[in-house]
Amino acid sequence: MFERTLTTVLAAVFSLAGLASFALAQAPNVLKVQDGIVASLSVRNNEAHAIWRFVRRLDTPLEEISGTINGRPLGVPSVEQYPGAEQTTAILALLDLGDPRRADQIERLKLAMLLLAGRKQAHHQIAFAVYGLEPRLLVPGSTNGEELVQLLLKLPPLDQPSNLSGALIRTIRTLESLSADRRAIFVFSDGHNDSTIALDEVRDLAQSTGVSITFLTIRSDRAADASALSQFANSTGGLLIEENAVTDFLREPFALLDSGGRLSFSLAGAKTYFWEFGKPKITVSFRYGGKTLDLTADADVPSAGVGEGFEYLVKSPVALGSFGGILALGGLALFFARRRKTAGHAFAGRGAPVFGGILKQVDTGKAHIVDMPVMRIGRSRTNDIVVDDPTVSREHALLNLAADGTLSIENKSDRELLVNGKGVDKKALADGDVIALGAVKLEFRPVKKVAG
């Protein structure tokens, strides 16, 4: 009930400020903070949407942003710098009123809140709230800014503990419900927290809802863990601004919040192919200074038929080799050559498989086709299936494809061969079995193609 009331009141406050739109927001599928970049990815309405901004200035500029589905390029995205037309940022300035002994610090923090509000631009919508045991919004009776200022300045300190974690949870959930492009909470406090709720729980909620949290602190006699507070703020895409840096920060408090932009990749026409297993993965990569920040999320796209898969491989061997490497052009030619060789084999004319399946390398997604009665697998380039890893023997195992389509694997190495975590000398493989050759894991999937 409290959250519902707070949400209704906050909606009214933002409506007075000009943010009339009020609806359930779309939370990101994944959010990451790395090297001063905060980025999120969501997949909806047949599009992949990425939003990014900076929490500090990068040592090197952002060089490239690209998108792939299962390692295949998604094409050129539409990109818009923030803030774009009709984009809004919902901001909640939250003041800690706990403990009358902090009266002097609280008055200074009130002035800092007013300086923050004075820097707002047209796309910023700001509301004020205070907390002790519970958060409370300051609701003026009109859009007159002077009335809100007077409300704030007249508030006395509260003889209450400061429930920082609880106040953040309630205000994050409230901001989550507002239809805004970005959401941020600026906390004006000494950093003290009397709550029994750990900040880790608050961090997870903030990350899942895309709410950044920045602290502007003036220290008091109460205990505060500045290091933990800084790590928490950074994990949400916010900052810890300590007393000696507050004045400088308030000259441009929204510079980083308003940085970056958004981009969209269309998934229209995107498909998955027979060599790709599991949920399709969308990856958006930000490249800068020799580093990469990758965001990956699941997507719902249709599956292509086997015929469409081979048609794609024939038409796009270079792209496939460059952007995911399921089958290189040479491997594709070898595959078709082997099919011609086995045309007269006992499999032909029985309606049985013409090849036994695919071994998908779990860490890279690379797939190896099993299409001959006997195939060697190992590190050496002379093998039929080459697994280039120092933990794999030169000739590690032998694959045997029986006439009935059963595929078995046999250890030919001094090193261990594992199937589903158990050591084996020889074993028939079933759909989904995971083979471990040294540190490399291969997942087996049978692929059947009816003759004719």
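This text follows the structure it describes.
Numbers given to residues run from 1 along each chain, matching the order in which its sequence is written. With the structure being a predicted model, the display of local features is reserved for residues of pLDDT at least 70 and the display and counting of side-chain atom pairs for 80 or more, all residues being used for whole-chain, interface and lining totals. Remark: hydrogens and water are excluded; side-chain values derive from all non-hydrogen atoms of the structure.

Chemist: Help me get a handle on helix 5 (residues 199-209), residues and values and all.
Modeler: Here's how the labels work: a residue is buried when its accessible area is under 20% of the maximum for its type, exposed when over 50%, partly exposed in between, all with a 1.4 Å probe on protein chains only. Only runs of H or I of at least four residues qualify as helices and only runs of E of at least two qualify as strands under DSSP, and these elements are numbered from the N terminus. Turning to helix 5, its buried residues number three or more, namely Leu 199, Val 202, Leu 205, Ala 206 and Thr 209. What you see down the axis of helix 5 is that its buried residues fit within an arc of 120 degrees, all on one side. Lining the buried residues of helix 5 we find helix 4 (164-176), strand 10 (182-189), strand 11 (211-217) and helix 6 (226-235). Directly beyond the C-terminal end of helix 5, a positive phi value near 70 degrees is found at Gly 210. This arc corresponds to the set of directions leading from the helix axis out to the C-beta atoms. Residue contacts are defined here by distance: any two heavy atoms, one from each residue, within 4.5 Å place the two residues in contact.

Chemist: Give me the lowdown on unusual backbone geometry, citing residues and values where you can.
Modeler: In this structure, Pro 83 follows Tyr 82 across a cis peptide bond, with omega equal to -5 degrees. Counting through the fold element by element, Pro 83 comes out in the loop between strand 6 (78-81) and strand 7 (89-96). One non-glycine residue, Asn 45, adopts positive backbone phi at about 50 degrees. By secondary structure assignment, the location of Asn 45 is in the loop between strand 2 (37-44) and strand 3 (47-54). Among the residues examined, Asn 45 registers a relative accessible area of 69% and is labelled exposed. Even without glycine at this site, Asp 99 takes up a positive phi of about 80 degrees. Tracing the backbone shows Asp 99 in the loop between strand 7 and helix 2 (103-118).

Chemist: Please set out the packing of aromatic side chains residue by residue, giving values where relevant.
Modeler: Stacked, tilted and edge-to-face pairs are distinguished by plane angle, under 30 degrees for stacked and over 60 for edge-to-face with tilted covering the rest, among Phe, Tyr and Trp rings (Trp via its six-membered ring) whose centres lie within 6.5 Å. In this structure the tally under the stated criterion is four aromatic pairs. A ring pair is formed by Trp 52 and Phe 286, whose centres lie 5.8 Å apart and whose planes are at 55 degrees; its orientation type is tilted. Taken together, the positions of Trp 52 in strand 3 and Phe 286 in strand 14 (residues 281-288) put the pair 234 residues apart, joining distant regions of the chain. What links up through ring pairs into an aromatic cluster is the set Phe 186, Phe 249 and Phe 254. Cation over ring: Arg 182 sits above Tyr 82, and NZ or CZ is 3.8 Å from the ring centre. Only lysine NZ and arginine CZ atoms are considered, and such an atom sits over a ring when it is within 6 Å of the ring centre and within 35 degrees of the ring normal.

Chemist: Before we move on, can you summarise the environment of Gly 305 with the specific residues and values?
Modeler: Along the chain, the position of Gly 305 falls in the loop between strand 15 (291-298) and helix 8 (306-315). The class of Gly 305 is partly exposed, set by a relative accessible area of 31%. Measuring from C-alpha to C-alpha, the distance between Gly 305 and Thr 272 comes to 9.0 Å, with 33 residues separating the pair along the chain.

Chemist: Residue-level account of the pattern of salt bridges, with values.
Modeler: We count a salt bridge whenever a side-chain nitrogen from Lys or Arg sits within 4 Å of a carboxyl oxygen from Asp or Glu. In this structure the tally under the stated criterion is 23 salt bridges. For Arg 287, the salt bridge identified is with Glu 64, shortest N-O distance 3.7 Å. Of the two residues, Arg 287 sits in strand 14 while Glu 64 sits in strand 4 (residues 62-69), which places them 223 residues apart along the sequence. Of the residues examined, Arg 287 reaches a relative accessible area of 30% and is grouped as partly exposed. With relative accessibility at 40%, the residue Glu 64 sits in the partly exposed group.

Chemist: Lay out the sheet that holds strand 17 (residues 367-370) with the relevant residues and their values.
Modeler: One bridge is not enough; two strands pair if DSSP finds at least two bridges between them. Read across the sheet, six strands follow the order 17-16-26-25-22-23 without closing on themselves; strand pairing throughout is antiparallel. At either margin of the open sheet sits one strand with a lone partner, and together these are strand 17 and strand 23 (422-423). Strand direction decides the pairing type here: strand 22 (residues 417-419) and strand 25 (residues 434-437), joined by three bridges, are antiparallel. Note on strand 25: the bridge partner recorded for Leu 418 is Ala 436.

Chemist: How would you explain the pairing of strand 14 if you had to name every residue and give the values?
Modeler: With six of its eight residues buried, strand 14 lies for the most part within the structure. Where strand 14 folds back onto strand 15 in an antiparallel hairpin, the turn is made up of two residues, including Gly 289, whose phi is positive at roughly 50 degrees.

Chemist: Before we move on, can you summarise the sheet that holds strand 13 (residues 261-266) with the specific residues and values?
Modeler: Spatially, five strands are ordered 1-2-3-13-6 in an open sheet, and the strand pairing comes out antiparallel. Each end of this open sheet is capped by a strand with a single partner; those strands are strand 1 (30-34) and strand 6. Strand-to-strand twist across the sheet, computed as the mean angle between neighbouring axes with direction ignored, equals 15 degrees. Interaxial angle, 0 to 180 degrees, is taken between N-to-C directions of lines fitted to C-alpha atoms, where a helix line uses only the stretch in contact.

Chemist: Residues and numbers for the environment of Glu 443, please.
Modeler: Residue placement: Glu 443 occurs in strand 26 (residues 440-445). Expressed as a C-alpha distance, the spacing of Glu 443 and Ile 358, which sit 85 residues apart in the sequence, is 8.0 Å. Those residues within four positions of Glu 443 in sequence are excluded, and the remaining contacts are Ile 358, Leu 359, Lys 360, Val 362, Gly 432, Asp 433 and Val 434. Two N or O atoms count as a polar contact when they lie within 3.5 Å, although within protein this holds only if one can serve as hydrogen donor and the other as acceptor, and sequence-adjacent residues are included solely when both atoms are side-chain atoms. Within the structure, the side chain of Glu 443 is placed 2.9 Å from the side chain of Arg 445, a separation counted as a polar contact.

Chemist: Tell me what's going on with the packing of helix 4 against helix 5, and back it up with residues and numbers.
Modeler: Following both chains from N to C, one finds helix 4 and helix 5 inclined at 10 degrees, their axes separated by 10 Å at the closest point. When the axis of helix 4 is compared with that of helix 5, the two are roughly parallel. Of helix 5, the residues touching helix 4 (which contributes Ser 165, Leu 168, Ile 169, Ile 172, Arg 173 and Glu 176) are Leu 199, Glu 201, Val 202, Leu 205, Ala 206 and Thr 209. Roughly parallel means an angle under 35 degrees; roughly antiparallel, over 145; roughly perpendicular, 65 to 115; everything else is oblique.

Chemist: Run through the side chain of Ser 212, naming residues and quoting values.
Modeler: Structurally, Ser 212 can be placed in strand 11. Polar contacts involving the side chain of Ser 212 include one to the side chain of Arg 53, which spans 3.2 Å.

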